[in-house]
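# Chains, contacts and geometry: an overview
Given next are the chains, with one letter for each unit.
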Amino acid sequence: MLVVEAKLKNGTLEQYQRLDKAIRTSQFVRNTCVRYWMDNKGTTRNDLQKLCSTLAKNQDTPWVTKLNSQARQSSADRAWQSINRFYQNCRAKIPGKKGFPRFKKHSRSVEYKLTGYKLSDDRRKIRFTDGFKAGEFDLWCSQRTLVYYSEQQIRRVRVVRRCDGYYCQFLIDVERLEHHEPTGQVTGIDLGLKEFYTDAQGNTVDNPRYLRKSEKRLKKAQRRLSKRFRKGQKQSNNYHKQRLKVAKLHLKVSRQRKDRAIKDALALVQSNDLVVYEALKIRNLVKNRKLAQSISDASWYQFTEWLNYFAKIYRIVCVAVPPHFTTQDCSVCGTRVEKSLSTRTHQCPNCKTVLDRDHNAAINILKKAIQRGLGGFPHERLNQEGLKYLGEHLNGTVGHIETDPNACQESDLWFLNGNIENLSRLVEAGISRQ
Ligand SMILES: [Zn+2]
């Protein structure tokens, strides 16, 4: 599946308002479904679909029937998605909050399936044909990519409202696969605040300066906004102006972040056969309310998502390992060396290793995956193989030796044959147990 995004341009104010109405209706349908589920025990997905058609016939809510019937269904699906996630969390007995479905107040999108819109033959225009009669918009993509796909390949169309306009996302059914030339390189990465990440070979990738700049600007704008906030009163025009400014800056930062994440993830996947990262403790991270922290949390998460995506396309292994003691333990002898947050170097009293803190962590992350990933196979032999393989990398000799994937026999089992996805599951299963 591939998502192509285009901006909806050259519509009149009224046309955009009609899109807004469609979005609001979709939200209404979703919330009604959630309400119905709360009031009726044992509601199934099918019941929600039936509810949609009842809603459309209801005289009290005449606007619902204007929304395309498949779009109504996908709103019900969205409600079911959040209900289902709640059920799954309960079943998995996740500690703490289970994500009880909530009512949406500021929904920003509406999803069509196969009907309710019409693309022009040259794919430069889209016309919305349901009861809201939003009419025709020009489609602006960076590349004219839509031309390459047939109408049958377009499975979903989603209209998204952002602070700088309306966008249309096309979900395209196409299997994307790229050729990966085995490099014989494996790496672990440690995501950090100071550097964006440090890999097991000791290379660092920094946060680019333009990002820091726009983050600074965002922080400043945010401060100004909170100064203008009047509790319990109607907000001033100046407040709303500033609010829009902050929203636009947020959008800009998130676009820059996304761009960076894609480039970094792609480069990492192309130059390695195995990439290991640390599963983030999302639950702990969410508690942190600081802006800088929350921005980097979001970008780490996004980065790992892209890593997994590219790993699939290039058919390499990308695994997450649990984040316990990766910073503390010595990557050479395994001695636990306590460190405070400000200690930047790892100094082992046992084997006298001195390493950068993040570099040490990255090596531990890689080691963990190799030890765990092999856990499901015959133990000793593969552990040794794994450690030997790791040892070669840590000594920096790999760049100089020929790596024929068939020459390393067992070791290629882990990441060069078809069981890639199984391996990922194997290692990730270890995380959920902890
Ligand atoms: Zn040591």
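Residues numbered from 1 in each chain as written. Predicted model: local features only at pLDDT ≥ 70, side-chain atom pairs only at ≥ 80, totals over all residues.

### Observations concerning the sheet that holds strand β12 (residues 317-321)
For the record, the criterion: Strands pair, by our definition, only if DSSP identifies at least two bridges between them. Strands are runs of DSSP state E lasting at least two residues, helices are runs of H or I lasting at least four, and both sets are numbered from the N terminus onward.
Taken together, the 5 strands give an open sheet; going across it, the order is β10-β9-β8-β11-β12, and neighbouring strands pair in mixed fashion. The sheet is open, and its two borders are formed by β10 (204-205) and β12, each paired with just one other strand. In this sheet, β12 lies alongside strand β11 (residues 274-278) in parallel orientation, the contact comprising 5 bridges. Across the sheet, V275 pairs through a bridge with C318, a residue of β12.

### Observations concerning the pairing of β11
For clarity, the cut-off: Residues with at least 20 other C-beta atoms within 10 Å of their own are called buried, those with 12 or fewer are called exposed, and the rest are partly exposed. The C-beta atoms themselves are positioned from the backbone.
In terms of burial, β11 is a largely internal element, 5 of the 5 residues being buried. The side-chain alternation of β11 yields two buried faces, one formed by L274, V276 and E278 and the other by V275 and Y277. The pairing of strand β8 (residues 186-191) with β11 spans 4 bridges and is classified as parallel. Each bridged residue has a counterpart across the sheet, and for I189 the counterpart in β11 is Y277.

### Overview of the environment of Q152
Structurally, Q152 is set in the loop between β5 (135-140) and β6 (154-162). On the basis of neighbour counts, which here come to 8 C-beta atoms within 10 Å, the residue Q152 falls in the exposed class. For Q152 and I172, which are 20 residues apart along the polypeptide, the C-alpha to C-alpha distance reads 8.9 Å.

### What about the sheet that holds strand β1 (residues 2-9)?
Condition: A fitted line through C-alpha atoms represents every axis, and for helices the fit uses only the stretch in contact; the resulting angles, taken between N-to-C directions, go from 0 to 180 degrees.
Taken in spatial order, the 7 strands line up as β2-β6-β7-β1-β5-β4-β3 in an open sheet, and their pairing is antiparallel. Either end of the sheet is taken by a strand with one partner, and the two such strands are β2 (109-112) and β3 (117-119). Recorded for the sheet is a direction-independent mean angle of 30° between the axes of neighbouring strands.

### Describing the nonpolar core
As a reminder of what qualifies: The term nonpolar core refers to a set of buried Ala, Val, Leu, Ile, Met, Phe, Trp, Tyr and Cys residues connected through C-beta atoms within 7 Å. Throughout, a pair of residues is in contact if the C-beta atoms placed from their backbones lie within 7 Å.
Core analysis: the largest hydrophobic core is formed by 34 residues, its most contacted members being A22, C33, L48, A76, A79 and C168. For this core, the element with the most residues is helix α1 (residues 13-39), which contributes 7 residues. Those residues within four positions of C33 in sequence are excluded, and the remaining contacts are L48, L51, A76 and A79. Core analysis: the second largest hydrophobic core is formed by 33 residues, V275, W306, A311 and I363 among them.

### Concerning the pairing of β5
Both β1 and β5 contribute to a ladder of 3 bridges, which runs antiparallel. Along β5, the bridge assignment pairs L8 with L139. Bridge count for strand β4 (residues 125-128) against β5 is 4 bridges, and the pairing is antiparallel. Its bridge partner lying in β5, F128 is registered against G135. Between the end of β4 and the start of β5, which pair antiparallel, lie 6 residues, with K133 showing a positive phi angle near 50°.

### Points about helix α2 (residues 45-57)
For clarity, the cut-off: Here a helix's expected span is defined as the number of its residues, less one, multiplied by 1.5 Å. Each direction from the helix axis to a C-beta atom contributes to the arc, which is the arc of those directions.
Relative to the 18 Å expected for 13 residues at 1.5 Å per residue, α2 spans 19 Å between its end C-alpha atoms, a close match to the ideal helical length. Every buried residue of α2 is listed here: L48, L51, C52 and L55. Taken down its axis, α2 places every buried residue within 110° of arc, on the same side. Away from the buried face of α2 by more than 90 degrees, exposed residues N46, K50, T54 and K57 are located. Buried residues along α2 sit in contact with α1 and α3 (69-91).

### Quick word on the confidence of the model for the protein
The test is simple: pLDDT measures how confident the predictor is about each residue, on a scale from 0 to 100.
Taken over all residues, the pLDDT of the protein has a mean of 78, while the share at 70 or more is 81%. The low-confidence segment residues 374-434, where pLDDT is below 50, has 59 contacts with residues more than four positions distant or belonging to other chains.

### Observations regarding the packing of α1 against α2
Applicable threshold: Our angle categories are set so that under 35 degrees counts as roughly parallel, over 145 as roughly antiparallel, 65 to 115 as roughly perpendicular, and the remainder as oblique. Put simply, a crossing is left-handed when the front helix is turned counterclockwise from the back one by less than a right angle, and right-handed when it is turned clockwise. Basically, the charged four are Asp, Glu, Lys and Arg, the nonpolar ten are Ala, Val, Leu, Ile, Met, Phe, Trp, Tyr, Cys and Pro, and anything else, Gly included, counts as polar.
It is the contact of α1 with α2, at a shortest axis distance of 10 Å, that shows an interaxial angle of 125°. For the element pair α1 / α2, the angle class is oblique. Along this stretch, α1 crosses α2, giving a crossing that reads as right-handed. Residue-level contacts link V29, T32, C33 and Y36 of α1 to L48, L51, C52 and L55 of α2. Of the residues assigned to the contact of α1 with α2, the class counts are 7 nonpolar, 1 polar and no charged.

### Looking at the environment of N364
Following the sequence through the fold, N364 ends up in helix α8 (residues 357-373). Taking the C-alpha atoms as reference, N364 lies 8.7 Å from F325; in sequence the two are 39 residues apart. Residues within four places of N364 in sequence aside, it is in contact with T326, D329 and S331.

### Quick look at unusual backbone geometry
Trans is the common state for peptide bonds, and a negative phi is the common state for residues other than glycine. Unlike most non-glycine residues, R123 shows phi in positive territory, near 60°. Mapped onto the elements, R123 comes out in the loop between β3 and β4. The exposure class assigned to R123 is partly exposed, which follows from the 19 C-beta atoms found within 10 Å.

### Points about the packing of α2 against α3
In contact at an axis separation of 9 Å, α2 and α3 are set at 140° when each is read in the N-to-C sense. If you check the angle between α2 and α3, you find them oblique. For the pair α2 and α3, the crossing hand works out as right-handed. For the pair α2 and α3, the contacting residues are R45, L48, Q49, L51, C52 and A56 in the first and R72, Q73, A76, A79 and W80 in the second.

### So, helix α5 (residues 237-270)
Spanning 34 residues, α5 covers 50 Å between terminal C-alpha atoms, matching the ideal 50 Å at 1.5 Å per step. Regarding α5, the residues found buried are Q242, R257, R260, A261, A265, L268 and V269.

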